[in-house]
Amino acid sequence: MAEISDVYFVDGVRTPFGRAGEKGMYWNTRADDLAVKTIIALTERNPEVPPERIDDVAIAATSQTGDQGLTLGRSAAILAGLPQSVPGFAIDRMCAGAMTAVTTMGASVGMGMYDLAIAGGVEHMGRHPIGSNADPNPRFVAERMVDPGALNMGVTAERLHDRFPHLTKERSDVFGMLSQQKAEAAYRAGKIQPDLVSVAVKGPDGAWGLATEDEGRRPETNLEGLAGLKTPFRPHGRVTAGTSSPLTDGATMSLLASGTAVRELGLAPKMRMVSFGFAGVQPEIMGIGPIPSTEKALARAGLTIEDIGLFELNEAFAVQVISFLDHFGIADDDPRVNPWGGAIALGHPLAASGVRLMLQLAAQFAERPDVQYGLTAMCVGLGQGGSVIWENPHYNGRAAGSKRK
């Protein structure tokens, strides 16, 4: 009979993130090949894990069509050379796709159904722009189920500024600038590079090169430049390219394991999953989604926001993050929040981003044995939020009676 198990994040990798579109480094690269590259790298980094022992592969994508379709988990597993006995499937929760892949596989591990699972996401926004093949049901608008602007993420960010006037453009500009500065400092210190998988890419001239770093970083960003940027989502608005995540291509992948597999194979997990939560909100202000999802995750873990020592919050838009921080009484520049920068600087390949948050939190845990719990959280299109709480295995105050559920 299967037994309830702890769920561990053993390891994870990602491709460098590229600018979407013809000028981006992945324009001539298939989406599924990006996912395949991360699976191969993940298995090579963990040779003690027998590939035939992988119980399932879950890969998320928002636009599941073309080279981003065909049941990605299964097709990418075969292309990556995993034994054909290993199954796989595709998953979609828009921006929280990879996060949902992790929690879905984690729940299967926790229930004792799986011992080892691979979970991640890929998004090639150059080949498959968000909503390009979507056909929203006309009832959404005709029956006033959602506001028409809810289908445009930039418009939803503008509405957060409307709803909460104290979340000013100036605060967003500062947050956007700090994201760029923190990401650049992390790169210079070699914090980001260990989990990046180099990808061979073909340029517009047919010459081959190697993608080794995130392409969209703008370390020269300053407040004067941000103040003069256009507001593409509304005339005289408050959301700009400098306070938004860019359109991005990339893939992420993680390896999850049960406590039994960790002990049997001698694995060294980087995090333990404590709890998770997903919640719905009004689609037209989707950016507040991580607030109720985090409250759910905290309640299920028996924790409070004060117990969280590190936050990895997806920066879809600066105003979205500062609305979360404002709600929980956390300063915009709190050093616990996105210490190595976030999606505004590094990029946001939609369904892949959840695992990028986890990679950075896991790496920070290794440097911070004083921190017991961390949070990864993100907003989701059509009015949702997702949050996962993790425990640091390196915590130096951990004891048998430590607070856990």
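Residues numbered from 1 in each chain as written. Predicted model: local features only at pLDDT ≥ 70, side-chain atom pairs only at ≥ 80, totals over all residues. Heavy atoms only, no water.

The protein appears in an unreviewed UniProt entry as acetyl-CoA C-acyltransferase from Microbacterium sediminicola. In UniProt, the protein has this text filed under Sequence similarities (unreviewed entry): "Belongs to the thiolase-like superfamily. Thiolase family." (UniProt positions renumbered as here; feature names shortened; annotations may be inferred.)

Below, the discussion takes up the packing of helix H1 (residues 31-45) against helix H2 (residues 72-79). Axis separation between H1 and H2 bottoms out at 9 Å; the angle between their running directions is 60°. Here H1 lies oblique to H2, going by the angle between them. Along this stretch, H1 crosses H2, giving a crossing that reads as right-handed. The segment H1 lies against H2, with Asp32, Ala35, Val36 and Ile39 engaging Leu72, Ala76, Ala77 and Leu79. Split by residue class, the contact of H1 with H2 holds seven nonpolar, no polar and one charged. (Axes fitted to C-alpha atoms, helices over the stretch in contact; angles between N-to-C directions. Helix = DSSP H or I, 4+ residues; strand = E, 2+ residues; numbered from the N terminus. Parallel < 35°, antiparallel > 145°, perpendicular 65-115°, else oblique. Left-handed = near helix turned anticlockwise from the far one by under 90°. Contact = heavy atoms within 4.5 Å. Nonpolar A, V, L, I, M, F, W, Y, C, P; charged D, E, K, R; others polar.)

Among the structural elements, Glu184 can be located in helix H6 (residues 169-188). Sequence-distant contacts of Glu184, that is, excluding residues within four places in its chain, are made with Arg217 and Pro219.

Turning our attention to a nonpolar patch on the surface. The grouping of Ile4, Met111 and Met113 at the surface amounts to a nonpolar patch, some 360 Å² of accessible area in total. Position of Met113 relative to the elements: it lies in the loop between helix H3 (97-110) and strand E5 (116-124). Residue Met113 is classed as exposed on the basis of its relative accessible area, which comes to 53%. (Patch = residues over 30% accessible without salt bridge, like charges linked within 9 Å, V, L, I, M, F, W, Y side chains within 5 Å. Areas by Shrake-Rupley, 256 points an atom, 1.4 Å probe, with all protein chains shown as cover. Salt bridge = Lys/Arg side-chain N within 4 Å of Asp/Glu carboxyl O. Buried < 20%, exposed > 50% of the residue type's maximum accessible area, 1.4 Å probe, protein only.)

The next point concerns the pattern of salt bridges. Taken as a whole and assessed by the stated rule, the structure comprises 25 salt bridges. Across the pair Arg171 and Asp332 runs a salt bridge, and its minimum N-O distance is 2.8 Å. Of the two residues, Arg171 sits in helix H6 while Asp332 sits in the loop between helix H10 (318-327) and helix H11 (343-346), which places them 161 residues apart along the sequence. Classification of Asp332 by relative accessible area gives partly exposed; the value is 22%. A salt bridge links Lys191 to Glu367; the nearest nitrogen and oxygen atoms lie 2.7 Å apart. In this pair, Lys191 is assigned in the loop between H6 and strand E6 (199-202) and Glu367 in helix H12 (residues 353-367), connecting sequence segments 176 residues apart. The partly exposed category is assigned to Lys191, whose relative accessible area is 27%. The partly exposed category is assigned to Glu367, whose relative accessible area is 43%. Three or more residues are tied together by salt bridges with common partners; here these are Asp11, Arg45, Asp195 and Lys270.

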